[in-house]
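# Chains, contacts and geometry: an overview
Given next are the chains, with one letter for each unit.
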2 protein chains.
Amino acid sequence: MAERANSVTLHPIGLVENGFEKTASTGPSEGVPSRIVLFEAFSEGLAGLEPGQQVLVVFWFHRSSGYELQQHPQGDRARPMRGVFTLRSPRRPNPIGISKVTVTDVVGNTISVSDLDAFNGTPVLDIKPAGGPH
Amino acid sequence: MAERANSVTLHPIGLVENGFEKTASTGPSEGVPSRIVLFEAFSEGLAGLEPGQQVLVVFWFHRSSGYELQQHPQGDRARPMRGVFTLRSPRRPNPIGISKVTVTDVVGNTISVSDLDAFNGTPVLDIKPAGGPH
């Protein structure tokens, strides 16, 4: 195996704004609108982003601390434990979440999206095209 | 807007092994087999991962440094520049890549996959189910 790499430090590019203030481990349900407000310095990185496109939103589970390598799915003790890499739990070695959303509007540094599975105030780390050519 | 969050430091959970040693900005072509070799400490996080499942592999573009907010797609100057958040370029504010792959085998701490768009030695940060319920 090659040498073990060290670490990478990431800085948020913006924040999620929506109506979800809960601290539950599960995120908002489907169909809920959210906004991603980029910090001004990153606005021009949105050029070409259009309503109707699907994107992957990469975010930081900033309220999560610690993890277990095997967990009950959705914290349901009636279900057998599985490896964390088969689950979307926020309690994972690197607390990164990914949500596939549809862009509904882009105005300035603000992207409106549907179905973003993250709470209000969540730091956003990246936005990428979902699928398609590279 | 809420307070600006600080930063998050991530540590690799394993490394990509394949035949791609190039430093080009584009990754391996489709259909190419790769292995993800997790560090032993994380092996039990794979419990329940089965051949045929699709997963998102989150990795660190560890050879990339710096970024531009607008870039020519795939570095092709014949194509108009677009915002980096509409591109899969490794030259992005947070150098994180995501590749959706199909698991072909799981043995111990090693996952065999197809179509992983990352070079040999790439540090892997996370593995998640692709799509489906949360």
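Refer to the structure printed above.
Residues numbered from 1 in each chain as written. Chains lettered and ligands numbered in written order. Predicted model: local features only at pLDDT ≥ 70, side-chain atom pairs only at ≥ 80, totals over all residues. Heavy atoms only, no water.

Our focus in this paragraph is the overall build of chain A. Helix and strand counts for chain A stand at zero helices and nine strands. Counting from the amino terminus, chain A carries its helices and strands in the arrangement β-β-β-β-β-β-β-β-β. Counting every position in chain A, which comprises 134 residues, the buried fraction comes to 50%. Restricting to contacts in chain A with at least 6 residues of sequence separation, those with at least 24 account for 73%. (Helix = DSSP H or I, 4+ residues; strand = E, 2+ residues; numbered from the N terminus. Buried < 20%, exposed > 50% of the residue type's maximum accessible area, 1.4 Å probe, protein only. Contact = heavy atoms within 4.5 Å.)

Right, let's get into the sheet that holds strand 3 (residues 33-38) of chain B. Residue and element names in this part refer to chain B. Spatial ordering of the closed barrel is given by 2-3-8-7-4-9, a layout of six strands whose pairing is antiparallel. Between one strand axis and the next, the sheet turns through 45° on average, direction left out of account. Pairing geometry for strand 2 (residues 14-17) and strand 9 (residues 123-129), over two bridges, is antiparallel. Counterpart to G14 in the pairing with strand 9 is V124. (Pairing = 2+ DSSP bridges. Axes fitted to C-alpha atoms, helices over the stretch in contact; angles between N-to-C directions.)

Let's shift gears to the sheet that holds strand 9 (residues 123-129) of chain A. All names here are of chain A. Spatial ordering of the closed barrel is given by 2-3-8-7-4-9, a layout of six strands whose pairing is antiparallel. Across the sheet, the mean angle from the axis of one strand to that of its neighbour is 45°, orientation sign disregarded. As paired strands, strand 7 (residues 96-107) and strand 8 (residues 110-114) are joined by five bridges and run antiparallel to one another. From the neighbouring strand, V103 faces strand 8, where its bridge partner is V113.

On to the relation of the copies chain A and chain B, then. Note on the identical chains: chain A maps onto chain B by a rotation of 180° and an axial translation of 0.0 Å, with an RMSD of 0.0 Å. The operation mapping one copy onto its partner corresponds to a two-fold rotation axis. Considering only C-alpha atoms, the residue of chain A closest to the rotation axis is T9 of chain A, which sits at 2.1 Å. Mapped onto chain B, 100% of the interface residues of chain A again fall at the interface, so both copies present the same surface. (Least-squares fit on C-alpha atoms with pLDDT ≥ 70 in both.)

Moving on: the interface of chain A and chain B. Taken together, the contact between chain A and chain B spans 57 residues of the former and 57 residues of the latter. Note on chain A versus chain B: buried area summed over both sides is about 5400 Å², and carbon and sulfur give 65% of it. On inspection of chain A and its partner chain B, the count reaches two salt bridges. With a closest N to O distance of 2.7 Å, D126 of chain B and R92 of chain A form a salt bridge. (Buried area = accessible area lost by both parts, 1.4 Å probe. Salt bridge = Lys/Arg side-chain N within 4 Å of Asp/Glu carboxyl O.)

Residue and element names in this part refer to chain A. Within this structure, the stated rule accounts for two aromatic pairs over all chains. Plain terms: the ring middles of F59 and F61 are 5.3 Å apart, the flat faces sit at 80° to each other, and that makes the pair edge-to-face. As far as burial versus exposure is concerned, F59 and F61 are alike and both buried. (Phe/Tyr/Trp six-rings, centres within 6.5 Å; stacked < 30°, edge-to-face > 60°.)

What follows concerns unusual backbone geometry. All names here are of chain B. Residues other than glycine seldom take positive phi values, yet Q74 does so here, at roughly 55°. In this structure, Q74 sits in the loop between strand 5 (70-71) and strand 6 (82-83). A positive phi angle, near 65°, is found at D115, a position not held by glycine. Among the secondary structure elements, D115 is positioned in the loop between strand 8 (110-114) and strand 9. Taking the relative accessible area as the measure of exposure, D115 reaches 32% and is therefore partly exposed.

Moving on to the side chain of Q71 of chain A. All names here are of chain A. Among the structural elements, Q71 can be located in strand 5 (residues 70-71). Among the residues examined, Q71 registers a relative accessible area of 8% and is labelled buried. A distance of 2.5 Å separates the side chain of Q71 from the backbone oxygen of R91, its partner in a polar contact. Apart from residues lying up to four places away in sequence, Q71 is in contact with P80, M81, R82, V84, L87, S89 and R91. (Polar contact = N/O pair within 3.5 Å; in protein donor to acceptor, adjacent residues only side chain to side chain.)

Worth remembering: the numbers are spatial, not functional.
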